[in-house]
Amino acid sequence: MDDDALELLRDERERALEVLRLIEEEGWTHYEARGPGDTVRDVTAKRANRQRQIIERMDRLIALHQRQLT
């Protein structure tokens, strides 16, 4: 993994942190419908969990890359 890839991982992690912050601190909500005529559902908790997963994965990938550099 090169430095450009590491920067992309860090950028993705920062984006996920920002979305999670907006949900938790600013009260952002997310809604979705699966298709035409479907009921719109609040999926805020699902989005927050997804952002946490992304952050965790990016942390692991960044740590792996840093271990390879030493």
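Residues numbered from 1 in each chain as written. Predicted model: local features only at pLDDT ≥ 70, side-chain atom pairs only at ≥ 80, totals over all residues. Heavy atoms only, no water.

Novice: Would you take a moment to explain the overall build of the protein chain for this structure?
Specialist: Within the protein chain, the secondary structure is distributed over two helices and two strands. Ordered by position from the N terminus, the helices and strands of the protein chain form the series α-β-β-α. For the protein chain, the C-alpha radius of gyration of 16 Å lies well beyond 11 Å, the compact-globule estimate for 70 residues. Taken along its principal axes, the extent of the C-alpha atoms in the protein chain is 55 × 25 × 15 Å. Counted over contacts in the protein chain with a minimum sequence separation of 6, partners at least 24 positions apart contribute 52%. With an accessible surface of roughly 5200 Å², the protein chain has 50% of that area assigned to carbon and sulfur atoms. (Helix = DSSP H or I, 4+ residues; strand = E, 2+ residues; numbered from the N terminus. Rg over C-alpha atoms; globule rule 2.2 N^0.38 Å. Contact = heavy atoms within 4.5 Å. Areas by Shrake-Rupley, 256 points an atom, 1.4 Å probe, with all protein chains shown as cover.)

Novice: Could you clarify how one ought to interpret the nonpolar core in this entry?
Specialist: Among soluble globular proteins, nonpolar side chains are generally buried collectively. By size, the foremost hydrophobic cluster in this structure holds ten residues: Leu6, Leu9, Ala16, Leu20, Ile23, Ala48, Ile54, Ile55, Met58 and Ile62. Counting residues per element, the ones that place at least two in this core are helix H1 (3-26) and helix H2 (44-69). (Core = buried A, V, L, I, M, F, W, Y, C linked by side-chain atoms within 4.5 Å. Buried < 20%, exposed > 50% of the residue type's maximum accessible area, 1.4 Å probe, protein only.)

Novice: I'm lost on the side chain of Thr44 in this one. Help?
Specialist: Positionally, Thr44 belongs in helix H2. Side-chain polar atoms of Thr44 contact the backbone nitrogen of His30, separated by 2.9 Å. What Thr44 contacts, discounting residues up to four positions off in sequence, is Ile23, Trp28, Thr29 and His30. (Polar contact = N/O pair within 3.5 Å; in protein donor to acceptor, adjacent residues only side chain to side chain.)

Novice: Would you explain H1 in this entry?
Specialist: At 3.6 residues per turn, the α-helix brings residues three or four places apart onto the same side. Taking 1.5 Å per residue, 24 residues should reach 34 Å; H1 reaches 33 Å between its end C-alpha atoms and fits that length. Looking only at H1, the buried set comprises Leu6, Leu9, Ala16, Leu20, Leu22 and Ile23. In this structure, the buried residues of H1 make contact with H2. Immediately downstream of H1, the backbone of Gly27 shows phi near 75°, a positive value. (Expected span 1.5 Å × (residues − 1).)

Novice: Before we go on, may I ask you to explain the environment of Glu56 in this structure?
Specialist: On the secondary structure map, Glu56 appears in helix H2. On the accessibility criterion, Glu56 (46% relative accessible area) is partly exposed. The spacing of Glu56 and Glu7 is 49 residues in sequence and 16 Å in space, taken between C-alpha atoms.

Novice: Could you clarify how one ought to interpret H2 in this entry?
Specialist: Between the first and last C-alpha of H2 there are 38 Å, a value that for 26 residues agrees with the 38 Å anticipated at 1.5 Å per step. Along its buried surface, H2 packs onto H1 and strand E2 (41-42).

Scope: geometric values only; no functional claims are made or implied.
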